[in-house]
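Spelled out, the chains give:
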Amino acid sequence: MRAAVLHEIGQDKLEVLDDVEAVGFGPGRVKIRVRATGLCHSDVSAMSGVLPQPAPFIPGHEGAGEIIDIGDGVTGLSEGQRVLLCWLPACGSCPACKRGQTQLCLAGFMNAGIPNFKRPGGDVFGFAGTGTFAEEVVVDAGCAVPIPDDVPFDIAALIGCGVTTGLGAAINTAKVEAGSSVAVIGCGGVGISAIQGAKLQGAAEIVAVDPVESRREAALRFGATEAVAPDALADAKQRITGGEGFDYVFEVVGKSATARTAYETTRRGGTLCVVGAGALDDHLQLNMFELFFDEKRILPSMYGGGDVLRSYERAIALWRAGRIDLESLITHRVPLAGINEALEQMRTGVALRTCIEI
C-alpha cells in the first residue's frame, strides 16, 4: 500500500512509499479506502514539531472514502459505505461527552499514541490517530461518519476538519451577532470558513487579514467586506470602528504574536476567538489589569466548539442550499505522489486547500 511518511520530526518533505500496511483491524474497528484528503495546516505543524506527534508518522486527518472491511461488533456501518473521517470521535461516556461538550472528548487523542501502520522497519503512527495520506487506514468505527451519496469525497473531506472548525468558531463558539463587526486574522481554508460563518450569522463588516494577496482576494469572494495586509489592520480598525475595535476577532494562525494583535484589535467587551492550533511553548502574555479592565472575552474554539456530528450535518445542509461555497475552497489538486508539491503550496500560501486525490 502507498502512503506518505515523515521519518523524523523536523523534516520538511514526505516520502511516498509502497511498503506500508494499515494495521490494528479487529472488533470495533473499520478499514477505509481513502479517496480524497485535504492538506490542513495542522499536518504541517505536526511535521515541524509545533503539535506533538510521535514519529515516524503518516500525516493527514481531513479525509473521506469507502469502508472496505468491518470488524466484529460494529453496527450502523456497511462495506461500500461512503464516509468521512472524524479525527476526534466522541466516546459518549466521559464527563465531557455527558456535559454535551463532545469536542473536548479525549478518547480520540489516545489513538494518536497507538501505531496504526507498519513497514518492514517497524511501526508507523497516523497523525491524530488517522493518517489519511495513505490508500487505506484502520480506525475506530466512531471515526467513520456516513455521508449522503450526493456529497463528493473532496467536499466531505473538507467538512471533516477545516470547514467544521471555521464555521463552528463563528456560529458555535463566538456566536457572531447580526450587524456586528468582525476581523479574521489568517485566511487559509479555516479562516475562509470562519468568514463564511460570520457572513451566515449576519455580520455587517468582515475584514480579512492575511499577508498573501491571493488569499485576501479570495476572502472577498467568500464574503469579506474588506481585505488587508497585517500592516494595514490598525488603519482598518480606525476607519471601520472609530478606533474602538471589532466586536469579534478570530485568530486563525496559532501564534502568540497574532493572538496579541487580535486581542488589541478587539473592542472592550468584545470577543477574541482563538482558532489556530499553536505550540506548547508559545505563550500569550496579558497583564492582569487589562484582562480585568477591558472585559474582553477570550474564547478558544476546539474543532468548531460544538457537537461535530451535528456540525457535519449543518455544513452539508448549508452547502446543498448554496449558502456556503466549498468547491471554491479547493484551489489545487494533486495525486498522492505530488504531496510535497501540496506542502509547498501550503507553506507559500498560494493554496486555500489542496485536495490530495488518492
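Residues numbered from 1 in each chain as written. Predicted model: local features only at pLDDT ≥ 70, side-chain atom pairs only at ≥ 80, totals over all residues. Heavy atoms only, no water.

- In the nomenclature of an unreviewed UniProt entry, the chain corresponds to Molecular chaperone GroES from the organism Streptomyces showdoensis.
- As its UniProt record puts it under Sequence similarities (unreviewed entry), the chain is described as follows: "Belongs to the zinc-containing alcohol dehydrogenase family."
- Here the chain is described in UniProt, under the heading Cofactor (unreviewed entry), as follows: "Zn(2+)". (UniProt positions renumbered as here; feature names shortened; annotations may be inferred.)

1. A look at the nonpolar core
Right, so step 1: One finds Ile32, Ile58, Phe133, Val182, Ile195, Phe250 and Ile356 to be the most contacted residues of the largest nonpolar core, which totals 101 residues.
Right, so step 2: Among the domains, domain 1 (3-161 + 306-357) and domain 2 (166-300) are the pair contributing at least three residues each to this core.
Right, so step 3: Not counting chain neighbours up to four residues away, the residues in contact with valine 182 comprise Val176, Ala198, Ala203, Glu205, Ile206, Val207, Phe246, Tyr248 and Phe250.
Right, so step 4: Counting residues in hydrophobic clusters, the runner-up holds 12 residues, among them Ala183, Val207, Val228 and Phe246. (Core = buried A, V, L, I, M, F, W, Y, C linked by side-chain atoms within 4.5 Å. Buried < 20%, exposed > 50% of the residue type's maximum accessible area, 1.4 Å probe, protein only. Domains from an automatic or database assignment. Contact = heavy atoms within 4.5 Å.)

2. A word on the domain arrangement of the chain
Right, so step 1: Along its sequence, the chain is carved into domain 1 (3-161 + 306-357) and domain 2 (166-300).
Right, so step 2: The interface of domain 1 with domain 2 comprises 19 residues on the first partner and 21 residues on the second.
Right, so step 3: Regarding the contact of domain 1 and domain 2, the summed buried area is about 1,500 Å², with carbon and sulfur atoms giving 60% of it.
Right, so step 4: At the boundary of domain 1 with domain 2, the tally comes to 0 salt bridges.
Right, so step 5: For the pair domain 1 and domain 2, the interface holds 5 residue pairs in polar contact (both at pLDDT 80 or more).
Right, so step 6: Of all the secondary-structure elements, those providing two or more residues to the side of domain 1 that touches domain 2 are helix H11 (308-320) and helix H12 (339-348).
Right, so step 7: Top element by residues in the side of domain 1 that touches domain 2 is H11. It accounts for 4 residues.
Right, so step 8: Its residues assigned to classes, the side of domain 1 that touches domain 2 comprises 10 nonpolar, 5 polar and 4 charged. (Buried area = accessible area lost by both parts, 1.4 Å probe. Salt bridge = Lys/Arg side-chain N within 4 Å of Asp/Glu carboxyl O. Polar contact = N/O pair within 3.5 Å; in protein donor to acceptor, adjacent residues only side chain to side chain. Helix = DSSP H or I, 4+ residues; strand = E, 2+ residues; numbered from the N terminus. Nonpolar A, V, L, I, M, F, W, Y, C, P; charged D, E, K, R; others polar.)

3. Description of the pattern of salt bridges
Right, so step 1: Tallying each qualifying case throughout the model produces 15 salt bridges.
Right, so step 2: Here aspartate 154 and arginine 333 are joined by a salt bridge, their closest N and O atoms 2.7 Å apart. You can see aspartate 154 sitting in helix H4 (residues 153-159) and its partner arginine 333 sitting in strand S18 (residues 330-335), a full 179 residues away along the chain.
Right, so step 3: For aspartate 154, a relative accessible area of 15% corresponds to the buried category.
Right, so step 4: Overall, the relative accessible area of 43% leaves arginine 333 in the partly exposed class.
Right, so step 5: Salt-bridge contacts for aspartate 294 lead to arginine 268; the nearest nitrogen and oxygen are separated by 3.6 Å. Separated by 26 residues along the polypeptide, aspartate 294 in helix H10 (residues 288-294) and arginine 268 in strand S16 (residues 266-274) bring together distant segments of the chain.
Right, so step 6: Here aspartate 294 falls in the buried class, since its relative accessible area comes to 14%.

4. Concerning the sheet that holds strand S3 (residues 21-22)
Working definition: the strands of a sheet are paired by backbone hydrogen bonds and lie parallel or antiparallel to each other.
Right, so step 1: Strand order in the open sheet formed by 4 strands is S3-S8-S9-S5, with mixed pairing between adjacent strands. What marks the edges here is a single partner per strand, and that holds for S3 and strand S5 (57-58). (Pairing = 2+ DSSP bridges.)

5. Notes on the UniProt feature "domain: Enoyl reductase (ER)" (unreviewed entry) in the chain
Right, so step 1: Mapped onto this numbering, the UniProt entry annotates "domain: Enoyl reductase (ER)" (unreviewed entry) at residues 10-352.
Right, so step 2: Segment residues 10-352 splits into 31% helix and 24% strand. End C-alpha atoms: 23 Å apart.

6. Focus: unusual backbone geometry
Right, so step 1: Note the cis peptide between alanine 55 and proline 56, where omega equals 0°.
Right, so step 2: As for its position among the elements, proline 56 is in the loop between helix H1 (41-48) and S5.
Right, so step 3: Notably, alanine 128 is not glycine yet its phi reads approximately 55°, a positive angle.
Right, so step 4: A relative accessible area of 15% means that alanine 128 is categorised as buried.
Right, so step 5: A positive phi angle is found at tyrosine 303, which is not glycine, with a value near 55°.

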